[in-house]
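Residue strings, one per chain:
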Amino acid sequence: EPEVTQTPSHQVTQMGQEVILRCVPISNHLYFYWYRQILGQKVEFLVSFYNNEISEKSEIFDDQFSVERPDGSNFTLKIRSTKLEDSAMYFCASIVWLNTEAFFGQGTRLTVV
Amino acid sequence: GESVGLHLPTLSVQEGDNSIINCAYSNSASDYFIWYKQESGKGPQFIIDIRSNMDKRQGQRVTVLLNKTVKHLSLQIAATQPGDSAVYFCAENRYNAGNMLTFGGGTRLMVKP
């Protein structure tokens, strides 16, 4: 069964450093997303991406965040200068078309120290 | 404001019993809802969805009920098994906002053997 894959599974970084979280969405999917989940809290939307541009973003997705689809398979989330409060699980998701189920990856646990 | 929320943070049931997890939403324009299961350390896993033109939808051992009058939906799990132990989230799909998902706070289901 096709799945969304994310790497790395765990990333530890020092405050102020840049991190790039990587995702390979399901191959025939057209919409891509990043969500985050702070420990013990609900999943929060960060950004949606379609046709090589951002379609929606939340208040969390400030100038420190960026997304990119550098080739036909990868979808990345970059945090330019990490803060302690960026520590969370980051999930990538994709859907084949609007109003269809989103498939989530297993997540990247980001720990900022 | 618009929100999706859950009534109970923890539900404990005996193995073999039926489980009911509830969720309220506030955006009357919402037209698509999804239930996700999240096991520890994993990403959300799709369980079942329902569109606003339906009141009920059944899957394997799971049923989702939608009451648009009171903006409430529920997830029923029949013959609950230990493998059903997880956190369950309802999510509102916003077609007019890049198909982003707004998650509720989650209910932890604990199945006692």
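The coordinates are above.
Figured I'd write up the structure that's included with this text. In this numbering scheme, every chain counts its residues from 1 along its sequence in written order. Here the convention is simple: chains get letters from A, ligands get numbers from 1, in the order in which they are written. Where local features are concerned, this predicted model is filtered to residues with pLDDT of at least 70; where side-chain atom pairs are given and counted, the filter is 80 or more; whole-chain, interface and lining totals use all residues. Computation of side-chain values covers all heavy atoms of the structure but excludes hydrogens and water.

Side-chain pairs of opposite charge can arise where the charged atoms are in close proximity. Residue and element names in this part refer to chain B. Note on definitions: salt bridges are taken to be side-chain nitrogens of Lys or Arg within 4 Å of carboxyl oxygens of Asp or Glu. Evaluation of the coordinates by the stated rule reveals five salt bridges over all chains. For Glu 39, the salt bridge goes to Lys 42, with nearest N and O atoms at 3.8 Å. Here's how the labels work: a residue is buried when its accessible area is under 20% of the maximum for its type, exposed when over 50%, partly exposed in between, all with a 1.4 Å probe on protein chains only. Accessibility expressed as a relative area gives 28% for Glu 39, which makes it partly exposed. Given a relative accessible area of 38%, Lys 42 falls into the partly exposed group. Of the charged contacts, one joins Lys 68 and Asp 55 as a salt bridge, the two residues approaching to 3.2 Å between their closest N and O atoms. With Lys 68 in the loop between β7 (62–67) and β8 (72–77) and Asp 55 in the loop between β5 (45–51) and β6 (56–58), this pair connects stretches of sequence that are 13 residues apart. Look at Asp 55 and you get exposed, because its relative accessible area is 53%. Numbering of helices and strands runs from the N terminus; a helix is a DSSP stretch of H or I covering at least four residues, while a strand is a stretch of E covering at least two.

Each partner contributes to the interface: chain A provides 20 residues, whereas chain B provides 23 residues. Summed over both partners, the accessible area (1.4 Å probe) lost when two parts come together is defined as the buried area. Both sides of the chain A and chain B interface together cover about 1,800 Å² of buried area, and 54% of this is carbon and sulfur. Summed over the shared surface of chain A and chain B, the result is zero salt bridges. For the purposes of these results, a polar contact is taken to be a pair of N or O atoms within 3.5 Å, where, inside protein, one atom must be able to donate a hydrogen and its partner to accept one; residues adjacent in sequence count only when each atom of the pair is a side-chain atom. Linking chain A to chain B there are six residue pairs in polar contact (both at pLDDT 80 or more). Secondary-structure elements contributing two or more residues to the side of chain A that touches chain B are β4 (31–37), β5 (44–50), β6 (53–57) and β9 (88–95) of chain A. Only heavy atoms matter for contacts: two residues are in contact if any of them lie within 4.5 Å across the pair.

It is worth spelling out the state of the cysteines at this point. Such a bond, covalent and formed between the sulfur atoms of two cysteines, is termed a disulfide. Residues and elements named next belong to chain A. The disulfide criterion is simple: two cysteine sulfur atoms within 2.5 Å. Counting across every chain of the model gives two disulfides over all chains. Shown here is the disulfide that connects Cys 23 with Cys 92, its sulfur atoms set 1.9 Å apart. The chirality of the disulfide connecting Cys 23 with Cys 92 is left-handed, given an S-S dihedral of about -65 degrees. Here the residue Cys 23 occupies a position in strand β3 (residues 19–24), and Cys 92 occupies one in strand β9, the gap between them amounting to 69 residues. Judged by relative accessible area, which is 0%, Cys 92 ranks as buried.

Residue and element names in this part refer to chain A. Each pair of strands is called paired provided DSSP finds at least two bridges between the two strands. With antiparallel pairing, four strands are arranged side by side in an open sheet as β1-β3-β8-β7. Edge positions in the open sheet fall to β1 (5–7) and β7 (65–68), since each of these has one partner strand only. Pairs of neighbouring strands in the sheet enclose a mean axial angle of 20 degrees, with direction left out of account. The pairing of β3 with strand β8 (residues 75–79) spans five bridges and is antiparallel. What sits directly across from Val 19, in β8, is Ile 79. Axes here mean lines fitted to C-alpha atoms, for a helix over just the part in contact, with angles spanning 0 to 180 degrees between N-to-C directions.

The subject of this paragraph is the nonpolar core. If you look at the biggest cluster of nonpolar residues, it comprises 22 residues, and the most contacted ones within it are Trp 34, Leu 46, Phe 61, Val 67, Phe 75, Leu 77 and Tyr 90 of chain A. Secondary structure elements with two or more residues in this core: β3, β4, β5, β7, β8, β9 and β11 (108–112) of chain A. Each nonpolar core is a collection of buried residues, namely Ala, Val, Leu, Ile, Met, Phe, Trp, Tyr and Cys, held together in the definition by side-chain atoms within 4.5 Å. Judged by nonpolar contacts, the second largest core, of 21 residues, contains Val 43, Phe 45 and Ile 95 of chain A together with Met 100 of chain B.

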